[in-house]
Every structure is written in C-alpha cells, then in structure tokens.
Amino acid sequence: MKKLYLILTLLLVLFVFSFNTWAALIIITSPTDDVRIDKNEPTKNWNSDYHDSELLGVRYSDGGVYHSRSLLMFDLSAIPDAAIITGATLHIYSIPTSSAYVSLNRMADDNWAEGAVTWNSYQGSFSSAQNMGGHTVVHTNSDPAWEEFSMVLNNWSWADDLSDNQLTLMLGSVTNDGAYSVGTTFYSKEWDAHNSTNFRPYLTVEYSQVPVPAAVWLFASGLIGLVGLRRKQTKD
Ligand SMILES: [Ca+2]
Ligand SMILES: [Ca+2]
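Residues numbered from 1 in each chain as written. Chains lettered and ligands numbered in written order. Predicted model: local features only at pLDDT ≥ 70, side-chain atom pairs only at ≥ 80, totals over all residues.

## A few points about the environment of Asp75
Cut-off, in case you're wondering: Only runs of H or I of at least four residues qualify as helices and only runs of E of at least two qualify as strands under DSSP, and these elements are numbered from the N terminus. Residues are called buried when their C-beta atom has 20 or more other C-beta atoms within 10 Å, exposed when it has 12 or fewer, and partly exposed otherwise; all C-beta atoms are positioned from the backbone.
Mapping Asp75 onto the fold places it in strand β4 (residues 65-75). A tally of 15 C-beta atoms within 10 Å means that Asp75 is categorised as partly exposed. For the pair Asp75 and Ile28, spaced 47 residues apart in the sequence, the C-alpha separation amounts to 7.7 Å.

Take a look at the structure:
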C-alpha cells in the first residue's frame, strides 16, 4: 500500500508541475482601434484626419479632470477564456510633453470604433470606468520613450474581456487626479502605419491556464487504472 501512496504523491507532484508550466506570456502587438476623444470638440472623430489619427493623448482642464482622453481596444482572442491573468502591462510611446500623472481605466463598453467614436458618443460609458492604476509620464521633448502602465489586476474584470475577446482601455482620469492644463501625448498605431517605425502601442499579458476537464479526467482515469493494477498485482 505504501508504494501506491508513493505513486499517487508522485503523480500529484507531476500534476502540479504540469499546471505551473501552463503559465504563458503573450504579446498583443497592436490595438485593433485607438483614438483620442476631446470634450472641447465633443462631436469630432479624431481618427478621421490623417495627422490627428497619429497621436493619442490626455489633457487636463477644469481643475484636473481630463477633457482629452484616449481609447484603445485590444483583441484578447489568443488567450483562453478560462485563463487566470497574473500580469498585464500597456506599453505606449510617449513624445514631447510635460511631466504628468496619467490614469489608466478598463472600460466595460466595447461598443465603439475608432473611425466613428466621439466624446459625445462615448461619454455615457465613463461612469463604468474601473481604475487600473496609473503612471507618471516624465519624459520631455528631448527624451521621448516607451512608458509602461502596469495594471492593477484586482480592478480588472478580465473574465468578461476573455469572454467577449475585447479589452477597452482608456487613458485619462474620469475624476480629478492632476494639475490644471497638464497633459501628455502618445503615438497611436497610425503613427506606425504612416511612418514605418515601430512605435505602435502594445499589450503584454501573463496568464496561467486552469486545468481543463479533459486533463482532469485523464488524471482521474490514470489513478483508477493504477489502483486496478495494484489490486491485480496484490491478488497475483
Ligand atoms: Ca487609430
Ligand atoms: Ca470587453
């Protein structure tokens, strides 16, 4: 019987190790949609103009509330629906700006497209923003660089996004978190398309996969088989 327990323990260890090896890192290379929206021009779609579409950004007014914000949509279909997200970072290239704290929000509403959305058409969804943390952008005119926004995972309803395969992020706070008239600018995916340089925003996601029923059944049937074999050996 001792041998059986040993084998069972070994199998369990192997199972746990195989579970750990399912952890994966994925790079989602580009948003499917990205666009700025601006309260000062609430009916303008900023993706429709060739040059306006190249830049994303945030800008404060009215005592620290961002009146210019940016939406980014990522396709998460490469990540299994049952995955557990263990890390996620938005990488976005910052260009000449003053230093500013920029909030990152996860939005429940994916029902927008870069070629049509405006401040007015999306403002009804601002109240559903989940704050995912933020980052102080410090780079100056002479020092453009990649900025990394590490997401606060507790605030991410990722099961919803893995099921609908669309993650909408919004740069820019829906509350007051900065100084008056400060802002910053980022390259959009159109900058990359127009200028042939690799500055397009991207997302990195680390995840592990929960055991799928098939694997559990395989494991269970293996155990049953072993017990059967053990009994047979005992009889023999
Ligand atoms: Ca765009
Ligand atoms: Ca979603």
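## Things to note about unusual backbone geometry
In this structure, Asn165 is a non-glycine residue whose phi angle is positive, near 65°. Among the secondary structure elements, Asn165 is positioned in the loop between α3 (158-164) and β9 (166-171).

## Section: the nonpolar core
For the record, the criterion: Definition of nonpolar core: a set of buried Ala, Val, Leu, Ile, Met, Phe, Trp, Tyr and Cys residues joined via C-beta atoms within 7 Å. We call two residues in contact whenever the C-beta atoms placed from their backbones are within 7 Å.
Grouped together as the largest cluster of nonpolar side chains are 41 residues, with contacts concentrated most on Leu104 and Leu203. Ranked by residues supplied to this core, first place goes to strand β5 (residues 83-95) with five residues. If sequence neighbours within four positions are ignored, Leu203 has contacts with Ile28, Phe74, Ala88 and Leu90.

## Notes on the environment of Trp112
Considering the arrangement of structural elements, one finds Trp112 in the loop between β6 (100-107) and α2 (119-122). For the pair formed by Trp112 and Tyr122, sequence separation is 10 residues and the distance between their alpha carbons is 7.6 Å. Ignoring anything within four residues of it in the chain, the contact list for Trp112 reads Leu71, Val117 and Tyr122.

## Side note on the environment of Glu206
Residue placement: Glu206 occurs in strand β11 (residues 202-209). Separated by 181 residues in sequence, Glu206 and Leu25 have C-alpha atoms that sit 4.3 Å apart. Excluding residues that lie within four positions of it along the chain, Glu206 makes contacts with Ala23, Leu25, Thr86 and Gly87.

Purely spatial values, then, with no claim about function.
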